Every structure is written in C-alpha cells, then in structure tokens.
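# A closer look at the structure
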Amino acid sequence: MAENPGVPVFDTLSERLEKVFSGLRSKGRLTEADIDATAREIRIALLEADVALPVVKEFIAAIRTRARGAEVSRALNPAQQIIKIVDDGLVTVLGGETRRLRLAKNPPTVIMLAGLQGAGKTTLAGKLALWLRKQGHTPLLVAADLQRPNAVTQLQVVARQAEVEVFAPEPGNGIGDPVAVARQGVEQARHRMHDIVVVDTAGRLGIDAEMMAQAAAIRDAINPDETLFVVDAMLGQDAVTTAAAFRDGVGFTGVVLTKLDGDARGGAALSVRHVTGQPIMFASNGEKLADFDVFHPDRMASRILGMGDVLSLIEQAEATFDEAEAERMASKLASGNSFTLEDFLEQMLALRRMGPLQNLLGMLPGAGQMKDAIGSIDERELDRTAAIIRSMTPAERQDPKLINGSRRVRIARGSGVTVTEVNSLVDRFFEARKLMQQMAGAAGFPGARRRVSKTRTKKGKKGKAGPTGGRGPTQPRLPGAGFPGGLPGLPPAGHPLAGLPPGTELPDLSRLRFPKP
C-alpha cells in the first residue's frame, strides 16, 4: 500500500486537533475562556470529520466537565492534561477495550459476515481467513453470496491467495439457495475438522426487506457465534445509519471497518460504536490480504492525536524477525565492524516484509507533523540499494573497504545506477554502522558493551558519571533527536525525516519477544 502514513481517513481530524493543542502548549494556566474555546474548536473539528451529532455533544460535555476539574487546575502542564482528557474520550468513543472473537466451546465457531454491497465483504472474508490461519486456526470460507455476479469466483480467488479452503457448491449469479449453502457449509466444516467457518452473505445497494429477510434466514439456519457487520469507513453517516437499521432488523455482535486507507473524513469510525452499541472488532486499511488486524481503540486514539502506535510497530517486528537471527544481528551490531553489507541487505529485506516504509514511520510519535516528508519517501530507493549490494562480490559485501574506484564503476554498471550513488551508499553505510554500534550500546542489545564516560572535578579527580554518562536510558534518544539519517535507503541527513520531533524516543529493543523459530 503506497499510502499516506498513519490512518488517512483521520488525517484532517488529526491536523485540526494538532492546531487546537498547539495553541494550549504555551499557556501555563487554563482559564474558563480557554476551556470554552478549546471545546468549541474540538467540536468543529469533529463535526467537520462527519462525526454524528449525538456523539459530538456527549464527547464535548465530558471534556468540559473534566477540564474544569481539579486534575487540570492542579496540573503542572494543563495543556498536556487536556490532551490526555481528549485521548481518554476518544478511547471511550471508539469502544474502550479491545474486543476479541468469541470462540465456540465445541468447534466449529461460526462467523457470519453481513453488510451493504460494495463494503468489501468478500475481500474481507479472505483477509479474516488469512488472519485466522496465522493465528493457528483452520478456517473454511462459505460462498453464500449467490446474488452478486462473480461473487463466488471472487471468494474462490481470495481463498486461494489466503491458502484456505472454500465451500462453493453453487455457481452463484442468481442461482442457488444461500440458506441451504450456509447450512451445508457448517456441516462441511464439522465433517472436515475446520475449527472456524466464515460465511460470506449477499449485500444490497441499500437496506431493504429482501436483504433483511435473507440475512435473518441464514442467521437462524447456522446460529452464528459472531455476526460481523462490515462498514465502509468512506460512507460517513450513511454507513452508521445502515448499521443501526441492520442491528434492529437482524442484529450483529461486532463491526469491521474497511477502507481506512481512503481519503474520506472518518466520521463513521468514530460514530458507529456509540450509535450501534456494538464494538469495532477489526479494521482493514489496504487492498492486500495482510492489511487487516484487530481494532485497538487506545492505539487508534493515539494515532489520531499524533502520538503514534509504537505497540503495533513492535508487534509487527516480533512477527517478522526471527529470535535467533535477531540475537545474531544484535551481537554483530554491538561488536562493530563485523556488521557487513550482506547483513544490512538481510535486515532491509526483513524491513520490507514488515510493510511499506511510509506506514512504519507513520506509527512513530510525531509522524503527523511530518506527513508531507513521509509521503515523499520513495520506496524504490530500497530496491535500488538492494540492486547495488547484489552487484557486489561476496568479498566486497563482507569488507566494503575493498571497494575502490574501479570496483565502484563496475558495481554502478551492474546495478544500473551512477557511481555517485554507489559512493553515497558506501559512505553512508560506514556512517550508519558507527551510529548503530553507538545505539546498540545505549538501547541494550544483547552483547553490547556500554561505555561509561567519566567526568573530572575541579581538583582533577575522577568523579562519578554525570547525566550524560553511564548507562543509557531505557528509551534512548537518537542523535539529532530522532531517526538515523545515515542509513542507506532511508532519508539522508538533510532530509526532513533525518530527525524526528524533540522528545521522540525509541522503545527498549531488548524487551522485544520474538517468536520461536
């Protein structure tokens, strides 16, 4: 997904809220007028984002009540306290706690998907199946959407991509009984020992009696453990109205948001939980089957407020990097010159497996302030870097000091780039290796030697290490208050992303728990 960083449907809301909060940071004390003005600006921002009016009223009332309380008046930094209040309010609006799937005591667990046509149900069925397979389940997809042309064929395609089985006894295109297919699909799952069944049902262009009757008949036939209503986040309040109507007519236990990578205003996502009373359980933010995950209200609220989503970033790293390989690479980083271009290529390819670089950077705190800079990152730069390294001999990758002028000309010709680009890569690699060695000692990589600097007293005696010496903090700041600009394939020192906003800190990398190989 060559998409914008963060959550694009909330970009406008995030920018508006950032402007509101920036005006508060210079104030040492908030007056009643400041609180009223802030509440008014937040109200306008939410309404412009197409959030339902009842949700906005309740949200603003809660902010006013807490902002006038003792927790703000006694706070050393009232502006930060207001931001925390807004963050707590967003978490509440989005559902509070993360809601997980309820699995049946006796398999199979039956999940029914419902929603309007065009919401992305069939593609989402494949995404959900892939996610379930990665969680260790054996899902079966059931093609019960026999109304939409080629719906059965599409489900078979996404099932093949997700590497899961599909039950499709009818060709669709108006032929077949969807209620019978759904019932037979559950029996097939029980017979073939599938522990989860995902039933894809037909949608309509709008809520009508026929759609409600068919959905209710399928529900009664299969008695689903979970009924998930798929909502297109780009539809705004129409999606919320539709969800409320379906709740009253058929009922559902959870909501799945699709197309969060779109450019709509995102009001549906902030309204659907409050209006329907049912939790948002999953979110889809791209076209690929892997662009799907559990919906975490607290993490989404943090990203809306520009505070990043470091937990999700760490989880992606844990799922991508092998534990033994990570320890081996950490030791190389800590030891200094043993980290080679071959190692760097392996790490870069692993980074690509985590997802687009723009999305990864968008999860960092303060990334919203650099949206344009992050959006300007060319993912193909990583491909060019890989081409340069692969054009080197094994000896050159192991010892880049061997790469003299004639070798650089040969490498440039082999990779289709200029000699200047090869020079830049080699020079920046040496700079990055030195920087990474320093980071390893500060961040707690296994095997890293921590350097303790010593200060001298006025009498010339050695004293204890000062604030800048000794062991690095648990979450070290990078030089330049942010991202290492010397890494090949990443922004150079002059790029706006070479330093993240002051105060941005790295998580303690030694705390990562990687899956066992």
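Further up the page is the structure itself.
Here's a quick rundown of the structure. (Residues numbered from 1 in each chain as written. Predicted model: local features only at pLDDT ≥ 70, side-chain atom pairs only at ≥ 80, totals over all residues. Heavy atoms only, no water.)

## Some points on the sheet that holds strand E6 (residues 254–258)
The condition is simple: Note on pairing: DSSP must find at least two bridges between two strands before they are called paired. Segments assigned H or I by DSSP are reported as helices when at least four residues long, segments assigned E as strands when at least two residues long, and all are numbered from the N terminus. To get an axis, a line is fitted to the C-alpha atoms, and for a helix only the part in contact is used. The angle between two axes follows their N-to-C directions and goes from 0 to 180 degrees. Contacts are residue-level and defined by heavy atoms, with any inter-residue pair within 4.5 Å sufficient.
Taken in spatial order, the eight strands line up as E3-E2-E4-E1-E5-E6-E7-E8 in an open sheet, and their pairing is mixed. Edge positions in the sheet fall to strand E3 (165–167) and strand E8 (292–294), since each of these pairs with one other strand and no more. In this sheet, neighbouring strand axes are inclined to one another by 25° on average, regardless of whether the strands run parallel or antiparallel. One ladder, built from five bridges, connects strand E1 (residues 109–115) with strand E4 (residues 196–201); its direction is parallel. Considered in E4, the bridge of Leu113 is made with Asp200. Its contacts with the sheet place helix H9 (residues 209–222) against E1 and E4, and it is angled at close to 175° to E1. Its contacts with the sheet put helix H10 (residues 237–249) on E1 and strand E5 (226–232), and the angle it makes with E5 is roughly 160°.

## Here we look at the packing of aromatic side chains
Our working rule: The pairing test for Phe, Tyr and Trp rings, Trp by its six-membered ring, is centres within 6.5 Å, and the orientation test on the planes gives stacked under 30 degrees, edge-to-face over 60, and tilted for anything in between.
Counted under the stated rule, the structure contains seven aromatic pairs. Ring pairing ties together the aromatic residues Trp131, Phe282 and Phe292, which thus form one cluster.

## Things to note about the environment of Asp291
By the secondary structure assignment, Asp291 is in the loop between strand E7 (280–284) and E8. Linking Asp291 and Lys127, residues 164 residues apart in sequence, is a C-alpha distance of 7.6 Å.

## A word on the pattern of salt bridges
Stated formally: Any Lys or Arg side-chain nitrogen found within 4 Å of a carboxyl oxygen on Asp or Glu counts as a salt bridge. Per-residue accessibility, obtained with a 1.4 Å probe over protein chains only, is compared with the maximum for each type, and a residue is labelled buried under 20%, exposed over 50%, and partly exposed between these values.
Tallied over the entire structure, the rule returns 14 salt bridges. Here Glu163 makes a salt bridge to Arg133, at a shortest N to O gap of 3.9 Å. Here the residue Glu163 occupies a position in the loop between helix H7 (151–162) and E3, and Arg133 occupies one in helix H6 (residues 121–134), the gap between them amounting to 30 residues. For Glu163, a relative accessible area of 59% translates into the label exposed. On the basis of relative accessibility, which here comes to 31%, the residue Arg133 falls in the partly exposed class. In this structure, Arg384 and Glu381 form a salt bridge, with 3.1 Å as the shortest nitrogen-oxygen distance.

## Re the packing of H6 against H7
Worth spelling out the cut-off: Roughly parallel refers to an angle under 35 degrees, roughly antiparallel to one over 145, roughly perpendicular to one between 65 and 115, and oblique to any angle outside these ranges. For any helix crossing, the convention is left-handed if the near helix is rotated counterclockwise from the far helix by under a right angle, and right-handed if that rotation is clockwise.
The N-to-C vectors of H6 and H7 enclose an angle of 25°; their axes lie 9 Å apart at closest approach. By the angle between their axes, H6 is roughly parallel relative to H7. By crossing handedness, the relation of H6 to H7 is classed as right-handed. Here Thr122, Thr123, Ala125, Gly126, Leu130 and Arg133 of H6 lie close against H7, whose contacting residues are Ala151, Gln154, Leu155, Val158 and Ala162.

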